[in-house]
Amino acid sequence: MSLTAGIVGLPNVGKSTLFNAITKKHILAANYPFATIEPNVGIVTVPDKRLDVLTELVHPARTIPTTFEFTDIAGLVKGASLGEGLGNKFLSHIREVDAIVEVVRCFEDGNITHVEGKIDPIRDIEIIEVELILADLEVVDTRLNRIGKKAQMSKDKETLLEANLMKRLKEALEKNIPARSLEYTEDEYKLLKSFQLLTMKPVIYVANVSEEDMKAENDYVKQVREYAKKDHAEVIVVSAKIEEELSELEEEDKTLFLQELGLEESGLDQLIKATYSLLGLATYFTEGTDEVRAWTFKKGMKAPECAGIIHTDFEKGFIKAEVMSYEDFAQLKSEKAVKEAGKLRLEGKDYVMQDGDICLFRFHV
């Protein structure tokens with residue numbers, strides 16, 4: 001799947017440090033604005049304990065996790081929609097991603113300059129939201145100017161639909177209401193896709209804290225959680241500095257380090273899984289002695305489309321899918337036992353794939 005999550009935030013909030021940890025890449029993480037000018041793209045593996053269980057049961061020659069992309073986008077500043085701080089370029093990079101991971105500084109550190117002078121996570125979030133809203137408002141106004149008069153004189157249903165939609169969006173954006181907060185008909189939603197509105201993109205907030213604040217949430221984090229409620233958005237608490245250190249450790253040492261911190265799971269693992277879900281992604285598996293593999297699909301996809309993720313011939317010549325659930329396989333310990341229990345299913349072209357399905361696709365070319 002080619003879906004991408006973009007990491008955004010004001011300068012010096014820990015975006016690049018977080019990206020370094022996520023992708024184990026060592027891009028420039030400097031204490032000044034615009035250390036990252038071009039967006040950096042990294043492939044991340046999705047942590048999934050189900051894959052470990054399947055590997056233990058099947059003993060394959062190799063195990064391959066599923067992946068998706070994170071893009072680190074340079075720091076946004078107030079006035080970006082007017083071109084401040086290379087703003088137009090940064091906004092265009094955000095337009096190309098499918099979901100926004102917004103890093104918010106929730107730690108005090110006199111050695112790291114804050115572009116706005118002092119720590120205020122809600123102000124930081126609102127600065128970015130206003131810039132995205134202003135950028136979207138420009139798109140909507142431009143479109144309304146082009147079709148407004150035509151819509152008044154025309155009886156064409158599509159033109160009227162678009163004009164009314166643009167008017168509704170304009171009213172919302174002028175009240176600082178992001179586009180994702182409105183409800184749309186199916187036709188309106190299809191129309192909106194072509195505009196790539198920034199405030200249509202789903203958001204997850206990352207509260208970047210110090211090591212000391214990983215054990216108990218500080219007031220800044222509580223403020224972010226309260227703010228996120230109105231957007232029905234998730235908040236993940238991480239210490240980017242700790243995560244960068246963890247990313248350098250072997251798995252055993254990483255587990256010990258997390259235990260010392262009193263954590264069951266790293267903030268990054270939580271973030272990757274939450275972002276995967278935010279993008280509307282799910283996982284199915286294939287298993288055999290050669291390979292156990294996780295595959296990413298978009299929720300709602302049918303069996304032939306999912307087969308096509310492996311190879312286009314699988315989709316073109318799709319006949320049936322042999323499907324068993326991960327839960328049944330894990331409980332009964334083998335494919336043979338699942339079959340004997342009558343829990344192996346044959347599914348056709350209209351079957352909507354479910355997260356955790358284990359599949360063998362039958363096809364003919």
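Note that the coordinates shown come from a computational prediction; the quantities given were computed from them, not determined experimentally. (Residues numbered from 1 in each chain as written. Predicted model: local features only at pLDDT ≥ 70, side-chain atom pairs only at ≥ 80, totals over all residues. Heavy atoms only, no water.)

Enquirer: Before we go on, may I ask you to explain the pattern of salt bridges in this structure?
Expert: Two side chains carrying opposite charge are able to pair once their charged atoms lie near each other. On inspection of all chains with the given rule, the structure shows 20 salt bridges. Ionic pairing is found between R62 and E291, a salt bridge with its closest N-O pair at 2.7 Å. Taken together, the residues R62 in strand β3 (residues 62–64) and E291 in strand β9 (residues 291–298) connect sequence positions 229 residues apart. Relative accessible area serves as the criterion here: at 49%, R62 is assigned to the partly exposed category. Among the residues examined, E291 registers a relative accessible area of 16% and is labelled buried. Two residues, E265 and K273, come together in a salt bridge whose shortest N-O distance is 2.4 Å. (Salt bridge = Lys/Arg side-chain N within 4 Å of Asp/Glu carboxyl O. Helix = DSSP H or I, 4+ residues; strand = E, 2+ residues; numbered from the N terminus. Buried < 20%, exposed > 50% of the residue type's maximum accessible area, 1.4 Å probe, protein only.)

Enquirer: Could you clarify how one ought to interpret the nonpolar core in this entry?
Expert: The nonpolar side chains of soluble globular proteins are, as a tendency, buried together. In terms of nonpolar packing, the biggest core is built from 63 residues, with L18, F68, F70, I94, Y205 and L271 touching the most fellow members. When near neighbours in sequence (up to four residues on either side) are disregarded, I94 contacts V8, I73, L76, I100, L132, L198 and K201. Counting residues in hydrophobic clusters, the runner-up holds 16 residues, among them A282, Y351, M353 and F361. (Core = buried A, V, L, I, M, F, W, Y, C linked by side-chain atoms within 4.5 Å. Contact = heavy atoms within 4.5 Å.)

Enquirer: Please explain the packing of helix α5 (residues 157–174) against helix α6 (residues 186–193) as it appears in this structure.
Expert: When two helices pack together, their arrangement is given by the angle between the helix axes and the distance between those axes. Packing of α5 against α6 leaves a shortest axis separation of 11 Å and a crossing angle of 80°. Considering their axes alone, α5 and α6 lie roughly perpendicular with respect to each other. Each of L161, E162, L165, R168 and L169 in α5 lies in contact with α6, whose residues at this interface are D187, E188, L191 and L192. (Axes fitted to C-alpha atoms, helices over the stretch in contact; angles between N-to-C directions. Parallel < 35°, antiparallel > 145°, perpendicular 65-115°, else oblique.)

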